[in-house]
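Fold and geometry: a report
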Amino acid sequence: MTGPDVPASFRLAYVPGATPAKWVRTWAERVPEVPLQLVPVAAADATALVRERGAEAALLRSPIDRDGLHAIPLYTETTVVVVPKDHMVAAADEVAVADLADDVVLSPLDDTIEWDSLPGRPALERPATTADAIELVAAGVGVLVVPQSLARLHHRRDLTYRPVADAPQSSVALSWLEDETTDLMEEFIGIVRGRTVNSTRGRQPAAPAPAERKAPARKPTGGKSAKPGAGRRGGAVAKRGKPRRRS
């Protein structure tokens, strides 16, 4: 991947909470001639950014509008509830959705959890962002159910979080345009899938080399080739005639 046709950079968009650092390090080792440029993007804008070619690929969350896009699921996150430290939930190691029945459960407009029915009591209005919802949790207005990485991203000293065992989960995927699977894109796919540097990166493997022709047997050393029967006493056995009678 060298020459005038190599792009100046490979742009990777990522939504809040996604952690591309380990893949960025591997990219720098394998493709040092093409810098990987990270592009932060709001979850709601990630697919549009890829379609508008603002990035070659994006790490985004489900649900994903797959129209015109490839998407490879990478991992699924634990779902947690964010609460004030003095909330009764904080005394448990893990909770169930039913344990939130008496709480106001906030649902921001950028919510990434797909609920069949939102648990708890409904809020008067939906916060615009997860960050806004966190502020409301800190103010004692309600609780917030999010992927664990978002709880860590918006960590506050006065808040804590606990896993919600039976809540829906959010997945992170790698997405890019269907008709633009370039060599660099193949390289990045191989990196996130853990392929080694010597792998085929999803391409068809090269045809195996034809089997080597078997080397001819070596002739015995020390002169001409041995003839059948060589090594027997006196060489080939002579045909005996009838014995003569004495006169």
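Data block above holds the structure.
Residues numbered from 1 in each chain as written. Predicted model: local features only at pLDDT ≥ 70, side-chain atom pairs only at ≥ 80, totals over all residues. Heavy atoms only, no water.

**Some thoughts on the sheet that holds strand E7 (residues 143-147)**
- Sheet architecture is open: four strands sit in the order E6-E7-E5-E8, paired in mixed fashion. Only two strands of the sheet have a single partner each, and these edge strands are strand E6 (105-106) and strand E8 (159-163).
- Relative to E7, E6 runs parallel, the two sharing two bridges. Within E7, the residue paired with Leu106 across the bridge is Leu144.
- Strands strand E5 (79-84), E6, E7 and E8 of the sheet are contacted by helix H3 (residues 130-138), whose axis makes an angle of about 140° with E7. (Pairing = 2+ DSSP bridges. Helix = DSSP H or I, 4+ residues; strand = E, 2+ residues; numbered from the N terminus. Contact = heavy atoms within 4.5 Å. Axes fitted to C-alpha atoms, helices over the stretch in contact; angles between N-to-C directions.)

**Observations regarding the sheet that holds strand E3 (residues 57-61)**
- One open sheet accounts for five strands, arranged E2-E1-E3-E9-E4; its pairing is mixed. Two strands lie at the open edges of the sheet, namely strand E2 (36-40) and strand E4 (69-76), each paired on one side alone. On average, each strand axis in the sheet is tilted by 25° relative to the strand beside it, whichever way the strands run.
- Pairing analysis gives three bridges linking strand E1 (residues 10-14) to E3, with the strands arranged parallel. Across the sheet, the residue bridging to Leu12 is Ala57, located in E3.
- In the packing of helix H1 (residues 21-30) onto the sheet, the strands contacted are E1, E2, E3 and E4, and the crossing angle to E2 comes to about 160°.

**What to know about the nonpolar core**
- In terms of nonpolar packing, the biggest core is built from 31 residues, with Phe10, Trp27, Leu174, Met185 and Phe188 touching the most fellow members.
- Taken together, the elements giving at least two residues each to this core come down to E1, H1, E2, helix H2 (46-51), E3, E4, strand E9 (171-177) and helix H5 (183-192).
- Here the element with the most residues in this core is H5; it accounts for six residues.
- With 13 residues, the next largest nonpolar core counts Val83, Val97, Ile113 and Val145 among its residues. (Core = buried A, V, L, I, M, F, W, Y, C linked by side-chain atoms within 4.5 Å. Buried < 20%, exposed > 50% of the residue type's maximum accessible area, 1.4 Å probe, protein only.)

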